[in-house]
Amino acid sequence: MSKWVYRFGDGAAEGRADMKNLLGGKGANLAEMASLGLPVPPGLTITTEVCTYYYANGRTYPDTLESEVNQAVAAIEKSVGARFGDEENPLLVSVRSGARVSMPGMMDTVLNLGLNDKTVEALAKQSDNARFAWDSYRRFIQMYSDVVLGVDHYHFEELIELHKEEKGVDLDTELDAEDWRQIAEGFKAKAQEELGYPFPQDVKEQLWGAIGAVFSSWHIERAKVYRKLNNIPEDWGTAVNVQAMVFGNMGETSATGVAFTRNPSTGDKEYYGEYLIDAQGEDVVAGIRTPQYLTKMAREEAGATAPSMEESMPAVFGQLADVFDKLERHYCDMQDIEFTVQHGKLWMLQTRSGKRTAKAALKIAVDMAAEGLIDEKTAVLRVEPGALDQLLHPTLDPDAPRDIFTRGLPASPGAASGIVVFDADTAEEMAKEGKAVILCRVETSPEDIHGMHAAKGILTARGGMTSHAAVVARGMGRPCVSGAGQLRIDAKNGVMSATGREVKAGDTITIDGASGEVMVGEVKTLQPELAGDFATLMKWADTYRKLKVRTNADTPHDTQTAREFGAEGIGLCRTEHMFFEGERIVAVREMILADDLEGRKSALAKLLPMQRSDFEEIFKIMRGLPVTIRLLDPPLHEFLPREEDEFEDVAKSIGADVEHLKRRAAELHEFNPMLGHRGCRLGITYPEIYEMQARAIFEAAITVEQKTGDTVVPEIMIPLVATRKELETLRAYVETVAEEVFTETGHRVEYLVGTMIELPRAAICADRIAVAADFFSFGTNDLTQTTIGISRDDAGRFLDQYVKQDIFAQDPFVSIDQEGVGELVKMGAERGRSTKPDLKLGICGEHGGDPASVEFCHRTGLDYVSCSPYRVPIARLAAAQAALKG
């Protein structure tokens, strides 16, 4: 019989840390901490399998679940010496979600459950603190009404603000027990008004309502968005944790906080976190009050006056520091910890591997390896490859002028400039239009997740460095400044103000997440320097990976950038990109308009020295590394004008008749150019184009070899091949030109001729095509289009819906469709090597920089991946992790 509930507490537990798939991350780690003898309030975990059952069976529960929960609740009652619903000594519990991976703020939580009109009186008497009891009750009514009953929380916030206005006070802490009692009564009345029935008083009804709400929150919109952004499978589900309440809001000897065992922004080995006296956990993470610093050093560095926990609660802080060290040594990773202090006693509510910036991830991994906590292999596996993207982009120039608007907390490092927007929907809409935006909010909530993802940076007026905005921004790699206390945001009227100045929606600002500064206008940036921990980890990664990593580069600048990022060659040089500049486009258009072969050759002769010069620069930078050059691929009409005024300008520039130009453009027009007269089909019908390009390649290779002494081995790639005969025909043209150049110069170079596999037929017939090929490069951009039958340029209209509805797990142009396109890649690789066992195989679509696709390429046995320059480090690390995972 299935076991649906696992208990923990009193120094023992039925679960373990390695049971995250079943108990979720929170439940597994609570069990582990209990087993380690740490002070953990007793509780129970309902497994993720119940979540799966719940959705598979019409939102119902297994038959035995209720009895298992009742038995576990009885064990909690025995442990704490209180009874659930008892009118003299009531047990109160929290109900929290817990997926197998951390999803901060995405699912629902209910605190203080078990309070009603009777038990609140008992709590007041038992604690000898009526204010605490009524404060806890109003919190429970508000939270339960919002999370379980669907009454929006703003109704309750409004009542609190009205009560404070009537009393003439500004802060919640200025309200007394009678105030909170009146507010609680008002909350119940508001809930009944909105619902049409009274707020539930039966504690068991409360408990099962909360359990159902947590399971239901697995499918609320913000959780679904977060899962998609972080590639978390929908079928994992969440666990539910029910735990005895401990209270940080019982006066000056009680507190609550969130802490990290190392700095999650920088990776420095220092305690990092925040706490609030006389508060509950939601106050810290929700940004409702701006919290105080954990350590004296952090407080002094920030210039804050409110005492740190180290100063105000030195004994408890010492206990907490011991727990930090014990947990970090046990898990061998930086921990994110939630704790509560009740009347001077420390309680641990959660530990998990802390989310961190890419910079911090690198430093922590390298430092822990140096400390002997982990080995080099583990260090390489610790850093998420995609997170490196955060390190590969500019930061603010320290010498650039800055017009400081306001300052806040440096919540997530990096810098960004963009247009001010005040709501998540607008941020998303403007980002889709290609505009850089900064999302400015009083405080963010999980509902803002889509706007935070779309924004270049995030600015909040409230909240600390462990608030929702800060945690999510760090996970996304977005710069964030939080808790800008001087900032007043009027979202309704589209304006924010600070220090007597105003900034309106649509204005440009710059935020620096490393310093907390907010500036008016755009500030100059600097390129990153990739050394230190980055260089160390990349060196370790390179020792373990088997896949080579090349780059897609068409210009000397891109080539140099890629070399600096560790590229081991060029996997795709698109020659057509060289044709659009200056005089080149004129010569290309002359060639297209020529009426005969001689006219085309005359125009191509003008292009030859330009192409040769480009290739020379690229060969010099690559210093003997392989360079794969794709011959002309797009249809010729792409080089011709489209608009009326453009025709006149072009005709004038090349000395042609406007009508002749229009006729030629009409002749070249295609209804489906992606499958039209392009790629190798151009080479078959206009061999002189490919012959010119081949000559430019060989002449450039010989020149560079003679000047530098480096061996240059160009790899000439024929695009869009579907048949062996196409490749054989064009290979013969290339070989003829090679021999001509070698004879003319008296110098020979090695070279390869291969093809892009970007058509399903080419993958199916790879064994025959391989006869004429020295290498295959899988062009997965076009192979995806031709396999799935989707145009990449038009798919934006519907792909989002396909991903949202789980028709596609991910955008197939971002991460390779392993079931479909991937099978063709495997087939092409296997069949190609059945003909030529040493056939060189690579991938050159944008998938070459996607970690999941890189892992697929490793498993498939390819020799290299090729990606854009800024994704080269990502591919290097992903390739190493793929090798280490086996």
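Structural data are supplied above this passage.
Here's what I pulled together on the structure shown here. These numbers were taken from a predicted model, which means no experiment stands behind them. Here the residue index of a chain counts from 1 through its sequence in written order. Local features in a predicted model are, by the rule used here, given only for residues with pLDDT of at least 70; side-chain atom pairs are given and counted only at 80 or more, and totals for whole chains, interfaces and linings are based on all residues. Computation of side-chain values: all heavy atoms of the structure, hydrogens and water removed.

### Quick word on the overall build of the protein chain
Check the secondary structure of the protein chain and you find 34 helices and 34 strands. Here the globule rule reads 2.2 Å times residues to the power 0.38, and the radius of gyration is calculated from C-alpha atoms. Here the protein chain has a C-alpha radius of gyration of 32 Å; the compact-globule value for 886 residues is 29 Å, and the two agree. By principal-axis analysis of the C-alpha atoms, the protein chain measures approximately 100 × 65 × 55 Å. For the protein chain, the share of sequence-separated contacts (at least 6 apart) that also reach a separation of at least 24 residues comes to 68%. Working definition of accessibility: Shrake-Rupley area with a 1.4 Å probe, residue cover restricted to the visible protein chains. Entry remark: accessible area of the protein chain is about 36100 Å², with carbon and sulfur atoms responsible for 47%. For the protein chain, the distance from the average site of its 97 positive side-chain charges to the average site of its 138 negative ones is 4 Å. Think of it this way: any DSSP run of H or I at least four residues long counts as a helix, any run of E at least two long counts as a strand, and we number them from the N terminus. The criterion used for residue contact is that any of the two residues' heavy atoms lie within 4.5 Å. By the counting rule applied here, Lys and Arg register as positive and Asp and Glu as negative, while His and the ends of each chain are not counted. Where a charge sits is defined by one atom per residue type, namely NZ (Lys), CZ (Arg), CG (Asp) or CD (Glu).

### So, the pattern of salt bridges
Pairing between side chains of opposite charge can happen when the charged atoms of each approach one another. Put simply, a salt bridge is a Lys or Arg side-chain nitrogen that is within 4 Å of an Asp or Glu carboxyl oxygen. By the definition in use, this model includes 62 salt bridges. One salt bridge in this structure joins Glu-517 and Arg-407, with 3.5 Å as the shortest N-O distance. On the criterion of sequence distance, the pair formed by Glu-517 in strand S25 (residues 517–520) and Arg-407 in strand S15 (residues 404–407) is long-range, its members being 110 residues apart. Burial here depends on accessible area, computed with a 1.4 Å probe over protein chains only, as a share of the maximum for the residue type. Under 20% is buried, over 50% is exposed, and the range in between is partly exposed. Note on Glu-517: relative accessible area 15%, which makes it buried. With its nearest N and O atoms 2.8 Å apart, the salt bridge here joins Glu-728 to Arg-724. Of this pair, Glu-728 and Arg-724 both sit in helix H27 (residues 724–745), four residues apart, which is roughly one turn of the helix. Classification of Glu-728 as partly exposed rests on a relative accessible area of 31%. Overlapping salt bridges bring together Asp-542, Arg-545, Lys-548, Glu-568 and Arg-876 as one network.

### Side note on the sheet that holds strand S28 (residues 570–574)
Strand order in the closed barrel made by the eight strands is S27-S28-S29-S30-S31-S32-S33-S34, with parallel pairing throughout. The average undirected angle you get between the axes of adjacent strands in this sheet is 25°. Two elements, strand S27 (residues 548–552) and S28, share two bridges in a ladder whose sense is parallel. Looking at the pairing, Thr-551 lines up with Ile-570 of S28. Think of it this way: DSSP has to see at least two bridges between two strands before they count as a pair. Fitted lines through C-alpha atoms give the axes, limited to the stretch in contact for helices. The angle between two N-to-C directions lies from 0 to 180 degrees.

### Things to note about the sheet that holds strand S8 (residues 238–244)
The six strands are arranged S2-S1-S3-S8-S6-S7 in an open sheet whose pairing can be described as antiparallel. Two strands in the sheet have a free side with no partner beyond their single neighbour: strand S2 (12–13) and strand S7 (109–113). Looking at chain direction, strand S6 (residues 93–99) and S8 are connected through seven bridges and run antiparallel. Bridge pairing in S8 places Arg-96 opposite Asn-241.

### Observations concerning the packing of aromatic side chains
In this analysis, rings of Phe, Tyr and Trp, with Trp reduced to its six-membered ring, are considered paired at centre separations within 6.5 Å, and the interplanar angle assigns stacked below 30 degrees, edge-to-face beyond 60, and tilted for intermediate values. For the structure on display, the rule yields 21 aromatic pairs. Each ring, one from Tyr-271 and one from Phe-317, has its centre 6.4 Å from the other, and the planes form 70°; the classification is edge-to-face. With Tyr-271 in the loop between strand S9 (255–260) and strand S10 (272–277) and Phe-317 in helix H13 (residues 314–331), this pair connects stretches of sequence that are 46 residues apart. Centroid distance Phe-698 to Phe-742: 5.7 Å. Interplanar angle 70°. Geometry classified as edge-to-face. Of this pair, Phe-698 sits in helix H26 (residues 687–708) while Phe-742 sits in helix H27, and the two are 44 residues apart along the sequence. The class for Phe-698 is buried, based on a relative accessible area of 0%. Three or more aromatic residues joined by ring pairs make a cluster, and in this case those are Tyr-54, Tyr-55, Tyr-61, Trp-208 and Phe-215. Geometrically, a charge over a ring is one whose NZ (Lys) or CZ (Arg) sits within 6 Å of the ring centre while staying within 35 degrees of the ring normal. A cation over an aromatic ring shows up here: Lys-345 above the ring of Trp-347, its NZ or CZ 4.7 Å from the ring centre.

### A word on the side chain of Arg-630
As for its placement among the helices and strands, Arg-630 is situated in strand S29 (residues 627–630). Relative accessible area serves as the criterion here: at 7%, Arg-630 is assigned to the buried category. In protein, a polar contact means a hydrogen-donor-capable atom and an acceptor-capable atom, both N or O and within 3.5 Å, with residues adjacent in sequence counting only if both atoms are side-chain atoms; elsewhere, any N or O pair within 3.5 Å suffices. A polar atom in the side chain of Arg-630 sits 2.5 Å from the side chain of Glu-576. Among all residues touching Arg-630, those that are not within four sequence positions of it are Leu-572, Cys-573, Arg-574, Thr-575, Glu-576, Met-717, Pro-719 and Met-756.

### Some remarks on helix H9 (residues 221–229)
Within H9, burial applies to Arg-222, Ala-223, Val-225, Tyr-226 and Arg-227. Elements in contact with the buried residues of H9: helix H8 (203–217) and helix H17 (449–454). The first or second residue beyond H9 is Asn-231, which carries a positive phi of 55°.

### With respect to the pairing of S28
With respect to burial, S28 is a largely interior element, five of its five residues being buried. Pairing of S28 with S29 involves three bridges; the strand directions are parallel. Residue pairing in the sheet places Cys-573 in a bridge with Ile-629 of S29.

### Points about the nonpolar core
To qualify as a nonpolar core, a set must consist of buried Ala, Val, Leu, Ile, Met, Phe, Trp, Tyr and Cys residues joined through side-chain atoms within 4.5 Å. Counting 126 residues, the largest nonpolar core has Leu-388, Leu-537, Phe-619, Phe-698, Ile-718 and Phe-776 as its most contacted members. Ranked by size, the runner-up nonpolar core spans 84 residues in total, among them Ala-99, Met-106, Ala-213 and Val-214.

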